[in-house]
Amino acid sequence: MSGMVCCFTGHRDIKADDLRRIKPRLIGSIESLYREGYTVFISGAAIGFDTYAAAVTASMRAACPGLKLWLAVPFRGHDGCWNEPDRSRFLAISQLCDKEIVLSERYYRGCYQMRDRWMAEHSTACIACYSGGGGGTAYTIAYALKLGLRVINIWDD
C-alpha cells in the first residue's frame, strides 16, 4: 500500500480531562491530514486512545467525504477478556470501520508489536497521544520515526 495513510498510537489509560483536552487536537490533526490528501486512518483496536481515535474518525465522515477507518486487530478475539464497556465500544467501532485486518488467528508473544509494526509499515504519518514513558506507544513512535513517518504528538501543547 502506498499513498496517504495515517495510523494512530496512544496510551490505554487516559483521564477524561485529558481526553477533553486532546479531542480538538485530534480532530484538527485528522482534518489537516485529510486536507493534504490522507483518506485512510488505521486504529490498532486497543483499549484507550486507539478506540477513541477510531470513534472520532468515524464521526468525521460527514465533514470529510471519502474518509476511511481501518482496524488493525492483533489477533482474532483480542477483546475476549475486556470488560463489558470496553468490549461494547470496540464492537460498535468494528461496525463502523471500512476494513478490519486481523493479523493473526491466535494470540502469540509479540503479536501486539507485530500489529504496531504493520500499522507503521502501511502508513506515511502517525498521530500519537504520548505523554512519555515506555510501552507500546513509545515502541510504535520509535519504529514510525525509524521508517521516516511524520509523527504528530497531540499530547504536547
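As shown above, the structure is provided for reference.
In short, a report on the structure.

The rules behind each value
- The residue count restarts for each chain, going from 1 along the sequence in the order it is written.
- This being a predicted model, a pLDDT of at least 70 is required before a residue's local features are given, and a value of 80 or more before pairs of side-chain atoms are given or counted; all residues contribute to the totals for chains, interfaces and linings.
- The side-chain figures draw on all heavy atoms in the structure; neither hydrogens nor water molecules are used.
- Starting at the N terminus, helices and strands are each numbered in turn, a helix being any DSSP run of H or I of at least four residues and a strand any DSSP run of E of at least two.
- The globule rule used here is 2.2 Å times the number of residues to the 0.38 power, and the radius of gyration it is set against is calculated over C-alpha atoms.
- Only protein chains enter the area calculation, which uses a 1.4 Å probe; residues under 20% of their type maximum are buried, those over 50% are exposed, and those in between are partly exposed.
- In what follows, residue pairs with any heavy atoms lying within 4.5 Å of each other are defined as contacts.
- All accessible areas in this document rest on Shrake-Rupley with a 1.4 Å probe, and a residue is counted as covered only by the protein chains that are shown.
- Charged residues are defined here as Lys and Arg on the positive side and Asp and Glu on the negative side; His and the ends of the chain fall outside this count.
- The atoms used to mark charge sites are NZ of Lys, CZ of Arg, CG of Asp and CD of Glu.
- The term polar contact refers here to a pair of N or O atoms within 3.5 Å; inside protein, the definition further demands a hydrogen-donor-capable atom paired with an acceptor-capable atom, and it admits residues adjacent in sequence only when both atoms are side-chain atoms.

### Digging into the overall build of the protein
Within the protein one finds 5 helices and 6 strands. Secondary structure of the protein in N-to-C order comes out as β-α-β-α-β-α-β-α-β-α-β. A compact globule built from 157 residues should have a C-alpha radius of gyration of about 15 Å, and the protein, at 14 Å, falls within 12% of that. Dimensions along the principal axes, computed over C-alpha positions, put the protein at roughly 35 × 35 × 30 Å. Per-residue burial over the protein gives 47% buried out of 157 residues. Contacts in the protein between residues far apart in sequence, at least 24 positions, make up 80% of those at least 6 positions apart. As displayed, the protein has an accessible area near 7700 Å², and 52% of this comes from carbon and sulfur atoms. Charge separation in the protein, taken as the distance between the mean sites of 19 positive and 16 negative side-chain charges, equals 3 Å.

### Points about the side chain of D79
Within the secondary structure layout, D79 lies in the loop between β3 (68-73) and α3 (84-96). A polar atom in the side chain of D79 sits 3.4 Å from the side chain of R87. With sequence-adjacent residues up to four places away left out, D79 is seen in contact with R87, F90 and L91.

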